[in-house]
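Chain residues, written in single-letter form:
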Amino acid sequence: MKNWLPQYLPYIRRRPLSSRTLALSPPTVLALGFAGLILLGALLLSLPAATTAPLNLLQALFTATSAVTVTGLVVVDTGTHFTLFGQLVIAALIQAGGLGFMTFAVVAVISLGAKIGLTQQKIAQEAMSQTSLAQVVQIAKAVLLYSVVIELAGILLLTLTWYRELGLATASWHAVFYTISAFNNAGFALSSSSLMPYAGNIAVNMIISSLFIIGGIGFTVLIDLKKQQRWRLLSVNTRIVLLSTLIINVIAFLLLWILEANNPATLANLSLKDQALAAWFQAVTPRTAGFNTLDYSQMTDASNVLTLLLMFIGGGSLSTASGIKLGTFVILMMATYAFLRRRDDVTLLRRTIPNAQVLKALALTFVSMALVFIAIFVLTALEKAPFLDIAFEAVSALSTVGLSRGLTGNLSVPGQCVIIFLMIAGRLGPLTLAYFLATPKQRKTRYADTKIQVG
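Now for a description of the structure that goes with this document. Predicted, not measured: the structure shown is a model, and the values here were computed from it.

Conventions we followed
- Residues numbered from 1 in each chain as written.
- Predicted model: local features only at pLDDT ≥ 70, side-chain atom pairs only at ≥ 80, totals over all residues.
- Heavy atoms only, no water.
- Axes fitted to C-alpha atoms, helices over the stretch in contact; angles between N-to-C directions.
- Helix = DSSP H or I, 4+ residues; strand = E, 2+ residues; numbered from the N terminus.
- Parallel < 35°, antiparallel > 145°, perpendicular 65-115°, else oblique.
- Left-handed = near helix turned anticlockwise from the far one by under 90°.
- Contact = heavy atoms within 4.5 Å.
- Phe/Tyr/Trp six-rings, centres within 6.5 Å; stacked < 30°, edge-to-face > 60°.
- Lys NZ or Arg CZ within 6 Å of the ring centre and 35° of its normal.
- Buried < 20%, exposed > 50% of the residue type's maximum accessible area, 1.4 Å probe, protein only.

1. Considerations on the packing of helix 11 (residues 219–228) against helix 12 (residues 236–260)
At step 1: At a closest axis distance of 9 Å, the pairing of helix 11 and helix 12 adopts a crossing angle of 110 degrees. When the interaxial angle is binned, helix 11 and helix 12 end up roughly perpendicular. The hand of the helix 11/helix 12 crossing is left-handed. Listed contacts from helix 12 to Thr-220, Val-221, Asp-224 and Leu-225 of helix 11 are Asn-237, Thr-238, Val-241 and Leu-242.

2. Concerning the packing of aromatic side chains
At step 1: Summed over all chains, the structure comprises 9 aromatic pairs.
At step 2: An angle of 50 degrees between the planes, with centres 5.5 Å apart, marks the rings of Phe-253 and Trp-257 as tilted. Taken as a pair, Phe-253 and Trp-257 lie in helix 12 at a separation of 4 residues, close to a single helical turn.
At step 3: Each member of the aromatic cluster is reached from another via a ring pair, and the members are Trp-162, Trp-173, Phe-177, Tyr-178, Tyr-198 and Phe-291.
At step 4: The ring of Phe-339 carries the charged tip of Arg-342 above its face, separated from the ring centre by 5.5 Å.

3. Brief notes about unusual backbone geometry
Trans is the common state for peptide bonds, and a negative phi is the common state for residues other than glycine.
At step 1: A positive phi is found at Ser-194, a non-glycine position, where the angle reads about 55 degrees.
At step 2: On the basis of relative accessible area, Ser-194 is assigned to the buried category, the value being 8%.
At step 3: Even without being a glycine, Lys-325 presents a positive backbone phi close to 85 degrees.
At step 4: With respect to the helices, strands and loops of the structure, Lys-325 is situated in the loop between helix 14 (301–313) and helix 15 (326–340).

See the structure below:
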């Protein structure tokens, strides 16, 4: 009897085992990377050495998620519930999550003398929001260098500010923790009252706000500023981010001061200098940081609504801030202006914005608004809390700001799960999340135009 197998071997197609790979999209790899970092952080925070009192798994997961996504919402007090080891873990998670694990990965590969493959470049490109693969390595190096220099400066200045009050050892640790938290826009504090005791301290207000503003404008802006050093040579993106940051901060500062000037629970009983400091800090913190020097639960409803808008807008792209980002907000404004003026193109500073970017801005904003609406609906059904508190919590979580009107610690288990999902979605980016859930495919068919009534 002849062996029948050899004659059929040419017709059997089989991929070598070594070549079989699981094809994962860049957003998927990023999501898995953040998930792994969150789980590692939760396990470390669950250790007895990390806490001064028992911490259940959900509380550890919530804290780790808040740290990795640089949000700052907490269900237990960071300063009293965690030991020095636990606080070190939180600071490390903030640093890793804020600068992005892909930045560390790219620099690590470079330092070992290895080359970055196309797949890895695409993943890094997705993490850093870059359109050019050639810029990824350069950006990664600059991110780490700028971070080290700026954080060292912040640590030195805060240590000098606090050493007489706290002693050198405590002042140094507080300076390290608050600098990492501020520059990475995390909003974690070692006091349950955040920075409220320092509402009138010029040094603390200016150093902390400078750290999170610099961290929130984006590393591409910082790189461009160092490279060009002249306003007319700066890129359109850099000029837009700087101008919009200045305009929004000034308008928010004036509005908050006016709205809270007669409120005895916030500004009314402060001196003129302290009013200005507090109003400034509360105006600039919602788009990026999550620290507060005033109690948001005591602020007027109008101030809280303004804060909701600031949180939703967020900071610059490729920064430690989140939200829909300044560039997205500006593109939407200019697209609306172009439509009202019956213009075919969306222009800005004598440049035309591609339609693809306009559509991306629209999609990102719609997905963000949809997530916020769904989250508010679910939380309203789950939690017995005022509507404003729930809306504030949802927007703060998705925008990874970390401000709260006091609801976080009173959330139910399902409510905490909703906030955890929002923080992860906000850090990865709503568009990345949508990509992760349904990878888009190019349509080759071109259909005839039609018109649908709008408005």
